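# Coordinate inspection notes
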Amino acid sequence: MSRAPRRAVLLVVGLALALVAPASVSATHSWGGYHWARTANPFTVKLGDNVTSAWDSYLDTTVADWSAPTGLDATKVLDATKVSGTAGRVKQCRATAGTVQICNTTYGNNGWLGVASISITGGTHITQATVKLNDTYFKTSTYNTPAWRNMVMCQEVGHAFGLDHQDTDFSNPNLGTCMDYTNDPTTNQHPNAHDFEQLAAIYAHLDGTTTLASAPIVKGTSTGQVTDAAWGRQVAVTNGGRGATYIRDLGAGNLIVTHVLWAGR
């Protein structure tokens, strides 16, 4: 984009269907049915810890939040567990097959707070994911708060499990979930019951194989990833130009679909 954004908003990159305008609360918020292949429930997704001490407590909160729907009338289908990161240089945040690698650094004044990128194979199965957290904005007074850090970490990891947003209108009342866009994340820092209900629906079936990593995790086993400079071909513009969808074909049935939510211009 030729013009610099005036302010940062949340950008989500991942496997998604184009958002529908006008935005509204979704009856379901599966991200196109994309999911990790596995042979039994509950299963465990490994989150690679490549973050600095400023993010450690928020990663721990997200791991606990997605693993235990405490007090919620919901079926538990997955656990998240923190493992040593294998992403290498955090600027690149290299993916590792079967895991979600989480990184933070100063990615620059590019208009996004967080990015979640998910690779698929066979049309529906997630094979690997990365989450990037942009310290360029989280070092500012606006975003350097526990509420913003919790919400962005929680939401990007939720995308890596196959969840879409419950609502994409920043001005709507908060839904009490990190999967809801908001201008004030105070009450949107954690998953809610509907998130766990949707995960239960996504993972209601079993697969004959698994795309999840088994120990030990080996560096450099990526099956392909996308960078900010290589989102691919633009296939849709949404939300009056504030969003765009790109597709990159990696060949052999592997695709990465990227949704970008731009800052106001």
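This write-up is about the structure you can find in this document. Fair warning: this is a prediction, and the values are worked out from it, not measured in the lab.

## Remarks on the overall build of the protein chain
For the protein chain, the count of helices and strands is four helices and nine strands. Expressed as a percentage of its 265 residues, the buried residues of the protein chain come to 53%. Relative to all contacts within the protein chain whose residues are 6 or more apart in sequence, the contacts with residues 24 or more apart total 70%. Element-wise, carbon and sulfur atoms account for 53% of the exposed surface of the protein chain, whose accessible area totals about 10700 Å².

## Looking at the state of the cysteines
Considering all chains together, one arrives at two disulfides under this definition. Here C93 pairs with C103 through a disulfide, and the sulfurs are 2.1 Å apart. Because the torsion about its S-S bond is 85°, the bridge between C93 and C103 counts as right-handed. You can see C93 sitting in the loop between β3 (78-84) and β4 (99-105) and its partner C103 sitting in strand β4, a full ten residues away along the chain. On the accessibility criterion, C93 (1% relative accessible area) is buried. Owing to a relative accessible area of 0%, C103 belongs among the buried residues under this scheme. Here C154 pairs with C178 through a disulfide, and the sulfurs are 2.1 Å apart. The sign of the -50° torsion about the S-S bond sets the C154-C178 disulfide as left-handed. Remark: C178 occurs in the loop between α3 (146-161) and α4 (193-202) and C154 occurs in helix α3; sequence separation between them is 24 residues. C178 matches C154 in its accessibility class, with the two residues each being buried. Described in terms of the sequence order of its bonded cysteines, the disulfide pattern of the protein chain is 1-2, 3-4.

## With respect to the packing of helix α1 (residues 53-67) against α3
One way to put it is that α1 packs onto α3 with a least axis distance of 9 Å and a crossing angle of 50°. The angle between α1 and α3 falls in the class oblique. Between α1 and α3 lies a crossing of right-handed hand. Across from A54, W55, Y58, L59, T61, T62 and W66 in α1, the residues of α3 making contact are P146, R149, N150, M153, C154, V157, G158 and F161. Considered class by class, the residues forming the contact of α1 with α3 number ten nonpolar, four polar and one charged.

## A look at the nonpolar core
If you look at the biggest cluster of nonpolar residues, it comprises 44 residues, and the most contacted ones within it are W36, L47, W66, V100, I102, F161 and L199. Counting residues per element, this core draws most heavily on α3, at eight residues. Dropping the residues within four chain positions of it, V100 is found in contact with W36, V45, K46, L47, G48, A129, V131 and A160.

## What about the packing of aromatic side chains?
With the rule as written, the count across this model stands at seven aromatic pairs. With 6.0 Å between their ring centres and 70° between their planes, W55 and Y58 make a pair best called edge-to-face. With W55 and Y58 both in helix α1 and three residues apart, this pair spans about one turn of that helix. With relative accessibility at 0%, the residue W55 sits in the buried group. Residue class for Y58 comes out buried when judged on its relative accessible area of 14%. Both rings, one in W66 and one in F161, keep their centres 5.8 Å apart while their planes meet at 85°; by these two values the pair is edge-to-face. Taken together, the residues span a long stretch of sequence, with W66 in helix α1 and F161 in helix α3 at a distance of 95 residues.

About the thresholds
Residues numbered from 1 in each chain as written. Predicted model: local features only at pLDDT ≥ 70, side-chain atom pairs only at ≥ 80, totals over all residues. Heavy atoms only, no water. Helix = DSSP H or I, 4+ residues; strand = E, 2+ residues; numbered from the N terminus. Buried < 20%, exposed > 50% of the residue type's maximum accessible area, 1.4 Å probe, protein only. Contact = heavy atoms within 4.5 Å. Areas by Shrake-Rupley, 256 points an atom, 1.4 Å probe, with all protein chains shown as cover. Disulfide = S-S within 2.5 Å. Axes fitted to C-alpha atoms, helices over the stretch in contact; angles between N-to-C directions. Parallel < 35°, antiparallel > 145°, perpendicular 65-115°, else oblique. Left-handed = near helix turned anticlockwise from the far one by under 90°. Nonpolar A, V, L, I, M, F, W, Y, C, P; charged D, E, K, R; others polar. Core = buried A, V, L, I, M, F, W, Y, C linked by side-chain atoms within 4.5 Å. Phe/Tyr/Trp six-rings, centres within 6.5 Å; stacked < 30°, edge-to-face > 60°.

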